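Here's the letter readout for the chains.
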Amino acid sequence: MYFIDVQGTLISDEDKSPIDGSREFIQMLNREHIPYMIITNNTKKASQDFLAYLNRLGFEFDATKYLDPLMLLESRVEKEAVAAYGAREFLQTLQSMGYKLDYTNPKTVLIAIKENFSADEYAQMIDFLLDGAKLVGMHETSIYAKNNRRYPGVGAILKMLEFATSCSYDVVGKPSQAFYNEALKRIKRQNPAADFQNITIISDDVKGDLGGAKELGMKTLFVTSGKYKSAEEIVPFLKEANIPDFIYKNMQDILIRHKMEQ
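Thresholds applied
Residues numbered from 1 in each chain as written. Predicted model: local features only at pLDDT ≥ 70, side-chain atom pairs only at ≥ 80, totals over all residues. Heavy atoms only, no water. Core = buried A, V, L, I, M, F, W, Y, C linked by side-chain atoms within 4.5 Å. Buried < 20%, exposed > 50% of the residue type's maximum accessible area, 1.4 Å probe, protein only. Helix = DSSP H or I, 4+ residues; strand = E, 2+ residues; numbered from the N terminus. Contact = heavy atoms within 4.5 Å.

**Observations concerning the nonpolar core**
A general tendency of soluble globular proteins is for nonpolar side chains to be buried together.
Working step 1: Judged by nonpolar contacts, the single largest core of 41 residues is most densely connected at Phe-3, Ile-39, Leu-73, Leu-110, Tyr-180 and Met-218.
Working step 2: At five residues, the largest contribution of residues to this core is made by helix α7 (residues 177–187).
Working step 3: If we ignore the near neighbours within four places in the chain, the residues touching Met-218 are Phe-3, Tyr-180, Phe-196, Ile-199, Ile-201, Ala-213 and Asp-245.
Working step 4: Core analysis: the second largest hydrophobic core is formed by 27 residues, Leu-10, Phe-59, Tyr-66 and Leu-221 among them.

Structure follows, in structure tokens:
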């Protein structure tokens with residue numbers, strides 16, 4: 001059974017095209033009736049729109065096998081008085097969900113990803129947090145990769161704000177236990193015997209996605225098709241508890257290994 005990341009794992013961070021072997025791996029899971037969940041930290045598009053986008057790219061799964069942070073947001077963050085920061089598409093999606101944006105006296109500072117946060121935005125976030133607003137991240141991604149450049153992910157920004165203000169924070173998406181619990185609940189509809197100990201997670205975010213998953217007992221597969229150009233960039237510097245169980249170049253390599261084991 002599998003939990004499978006999207007950006008950098010199934011689709012390229014550079015041009016959003018399917019990564020080698022990614023569509024074929026999903027086809028294999030469907031053909032062999034192996035339970036899986038696609039778990040993405042998508043926040044730019046509405047959930048149904050991003051699912052439809054992946055389907056148009058040739059990924060053959062439906063809403064029963066898909067989960068993103070927007071699908072948990074209403075149960076985690078109140079809709080009133082939210083100072084939200086992220087890409088324009090994220091802010092538009094929030095408003096379409098009924099969230100009231102407030103940059104005067106917010107109850108919640110909500111962080112998603114974009115590549116060009118300004119110093120003034122960080123200063124505003126800090127002021128709101130010191131005035132008592134709650135800090136929430138849509139996810140806790142370590143690095144954000146776009147246009148062949150790498151930027152601090154939401155997780156890095158949350159850590160910075162935590163250090164600056166001494167406030168704690170909550171996370172809606174990966175690698176929060178609430179998100180993984182919801183993914184587990186949904187995969188149990190495919191196989192009631194599913195548990196974290198018999199689930200393998202595949203992701204390019206070895207510090208964010210895989211670190212939290214390993215703490216819950218999942219087997220971790222790190223692919224170097226996304227945020228990191230090689231395992232040597234990051235794995236030697238990880239704490240021993242966060243070292244992934246397996247490292248592969250991409251989904252094609254995982255598919256080849258699966259076929260060899262049959």
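Structure shown, so let's carry the discussion forward.
**Details of unusual backbone geometry**
Working step 1: Following Lys-174, the chain continues into Pro-175 via a peptide bond in cis, with omega recorded as 0 degrees.
Working step 2: Mapped onto the fold, Pro-175 is located in the loop between β9 (169–171) and α7.
Working step 3: A positive phi angle, close to 55 degrees, is found at Ala-81, a residue other than glycine.
Working step 4: For Ser-166, which is not glycine, the phi torsion reads 65 degrees and is therefore positive.
Working step 5: By the element assignment, Ser-166 lies in the loop between α6 (154–165) and β9.
Working step 6: Residue Ser-166 is classed as exposed on the basis of its relative accessible area, which comes to 67%.

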